[in-house]
Amino acid sequence: MTDNKTRKKEHLVVTYGLTLQEAETVKKSISPKDIVLEDCTGCITDVIARSYIAIIINPDNIDIEDLEILSSFYKEINSSYTEKIIFTKSSPKLSHFDNSLQFTVFSSFLEYE
């Protein structure tokens, strides 16, 4: 059995600022034997330092400064990132995230339960 720290990139999904209901939706939607969830809320440097296949962010619960840091990070590595960036909903804060980056914004994340 492999512990979370030694799992490969293809097995990690990072979350940031999800509500309890959103986190439950994600947990129900994935196979725990194939995917590990890690909540990095409040520590944007952990998000940048980790290797993962996707990040799911509730834009209501991320500071604009952290959103700009994340956007700058992805812009700096340009097209070499393979992580899927997902926002649980639209928000005026997303104007601080570079539109040239590829990301998904759900109109209603919880409707996919």
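The notes below deal with the structure included here. Source: prediction; values computed, not measured. (Residues numbered from 1 in each chain as written. Predicted model: local features only at pLDDT ≥ 70, side-chain atom pairs only at ≥ 80, totals over all residues. Heavy atoms only, no water.)

1. Comments concerning the side chain of Thr15
Here is step 1 of the chain: Within the secondary structure, Thr15 is located in strand E1 (residues 12-16).
Here is step 2 of the chain: If sequence neighbours within four positions are ignored, Thr15 has contacts with Leu37, Glu38, Asp39, Cys40, Thr41 and Ile56. (Helix = DSSP H or I, 4+ residues; strand = E, 2+ residues; numbered from the N terminus. Contact = heavy atoms within 4.5 Å.)

2. Here we look at the nonpolar core
Here is step 1 of the chain: Membership of the largest hydrophobic core comes to 20 residues, with the highest contact counts inside it found for Val47, Ile55, Leu70, Tyr74 and Phe97.
Here is step 2 of the chain: Secondary-structure elements contributing two or more residues to this core are E1, helix H2 (44-49), strand E3 (54-57), helix H3 (64-76) and strand E4 (84-87).
Here is step 3 of the chain: Those residues in contact with Val47 that sit more than four places away from it in its chain are Val14, Tyr16, Cys40, Tyr52, Ile55 and Leu70. (Core = buried A, V, L, I, M, F, W, Y, C linked by side-chain atoms within 4.5 Å. Buried < 20%, exposed > 50% of the residue type's maximum accessible area, 1.4 Å probe, protein only.)

3. Describing the pattern of salt bridges
Here is step 1 of the chain: Taken as a whole, this structure holds four salt bridges when the rule is applied.
Here is step 2 of the chain: Its salt-bridge partner being Glu24, residue Lys27 comes within 3.8 Å of it at the nearest N-O pair. You can see Lys27 and its partner Glu24 sitting in helix H1 (residues 20-29), three residues apart, about one turn around the helix.
Here is step 3 of the chain: Arg50 serves as the salt-bridge partner of Glu38, at 2.5 Å between the closest nitrogen and oxygen. Taken together, the positions of Glu38 in strand E2 (residues 36-39) and Arg50 in the loop between H2 and E3 put the pair 12 residues apart, joining distant regions of the chain. (Salt bridge = Lys/Arg side-chain N within 4 Å of Asp/Glu carboxyl O.)

4. A closer look at the environment of His11
Here is step 1 of the chain: Positionally, His11 belongs in the segment before E1.
Here is step 2 of the chain: As a C-alpha pair, His11 and Asp34 span 23 residues in sequence and 6.0 Å in three-dimensional space.
Here is step 3 of the chain: Setting aside chain neighbours within four positions, we find His11 in contact with Asp34, Ile35 and Val36.

5. Structural notes on the layout of surface pockets
Here is step 1 of the chain: Within this model, the largest pocket holds a volume of roughly 180 Å³.
Here is step 2 of the chain: Lining the largest pocket are Thr15, Gly17, Leu18, Ala23, Val26, Lys27, Leu37, Glu38, Asp39 and Thr41.
Here is step 3 of the chain: Every element with two or more residues in the lining of the largest pocket is listed here: H1 and E2.
Here is step 4 of the chain: Along the lines of polarity and charge, the residues of the lining of the largest pocket split into four nonpolar, three polar and three charged. (1 Å grid on protein atoms, 1.4 Å probe; cavity = no way out; pocket = protein on both sides within 12 Å on 5 of 7 lines; lining within 4 Å. Points joined across faces, edges and corners; volume = space filled by probe spheres on them. Nonpolar A, V, L, I, M, F, W, Y, C, P; charged D, E, K, R; others polar.)

6. A look at the environment of Thr15
Here is step 1 of the chain: When its relative accessible area of 7% is taken as the criterion, Thr15 is described as buried.
Here is step 2 of the chain: On a C-alpha basis, the gap between Thr15 and Val47 in space is 8.7 Å, while along the polypeptide they are 32 residues apart.

7. Focus on the packing of aromatic side chains
Here is step 1 of the chain: In total, this model carries four aromatic pairs according to the counting rule given.
Here is step 2 of the chain: When the ring of Phe87 is compared with that of Phe97, the centres are 5.2 Å apart and the planes differ by 80°; the resulting orientation is edge-to-face. Residue Phe87 is located in strand E4, and its partner Phe97 is located in the loop between E4 and strand E5 (104-105); the two are separated by 10 residues in the primary sequence. The pair formed by Phe87 and Phe97 is uniform in burial state, with each residue classed as buried.
Here is step 3 of the chain: Look at Phe87 and Phe103: their rings are 5.5 Å apart centre to centre, the planes differ by 85°, and that puts the pair in the edge-to-face class. Taken together, the residues span a long stretch of sequence, with Phe87 in strand E4 and Phe103 in the loop between E4 and E5 at a distance of 16 residues.
Here is step 4 of the chain: A relative accessible area of 24% means that Phe103 is categorised as partly exposed.
Here is step 5 of the chain: Linked through ring pairs, Phe87, Phe97 and Phe103 together constitute an aromatic cluster. (Phe/Tyr/Trp six-rings, centres within 6.5 Å; stacked < 30°, edge-to-face > 60°.)

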